[in-house]
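Single-letter residue listing:
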Amino acid sequence: MIENVVEFFKNLPPKQCTTCGEKIDEQHECYGSKCDSCNNL
Ligand SMILES: [Zn+2]
């Protein structure tokens, strides 16, 4: 199942927050797929 998740994110051109849709800076790799705002919730 993890492989499917990896493939899913590999096919996403720009990084986007999965919660609000905001673009995520490339440097925030450790945050996964959420922007700063959603990570602070
Ligand atoms: Zn967000």
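Calculation rules
Per chain, residues are indexed from 1 in the order of the written sequence. The model is predicted, so local features are restricted to residues of pLDDT at least 70 and side-chain atom pairs to those at 80 or more, both for listing and for counting; the totals for chains, interfaces and linings are taken over all residues. Put simply, DSSP H or I for four residues or longer makes a helix, DSSP E for two residues or longer makes a strand, and each gets a number counted from the N terminus. Using C-beta atoms placed from the backbone, we call a residue buried if 20 or more other C-beta atoms fall within 10 Å of its own, exposed if 12 or fewer do, and partly exposed for counts in between. Think of it this way: build a C-beta for each residue from its backbone, and any pair within 7 Å is a contact.

### So, the overall build of the chain
Counting its secondary structure elements, the chain contains two helices and zero strands. Counting only residues that meet the buried cut, the chain has 5% of its 41 residues in that class.

### What to know about the environment of G32
Here G32 shows up in the loop between α1 (2–10) and α2 (36–39). Residue classification places G32 among the exposed positions, given that 12 C-beta atoms sit within 10 Å. Separated by 17 residues in the primary sequence, G32 and K15 have C-alpha atoms spaced 9.4 Å apart.

### Overview of the environment of T19
Mapped onto the secondary structure, T19 falls in the loop between α1 and α2. Residue class for T19 comes out partly exposed when judged on the 13 C-beta atoms lying within 10 Å of it. Taking the C-alpha atoms as reference, T19 lies 6.9 Å from C38; in sequence the two are 19 residues apart. Not counting chain neighbours up to four residues away, the residues in contact with T19 comprise K34 and C38.

Keep in mind these values describe shape, not function.
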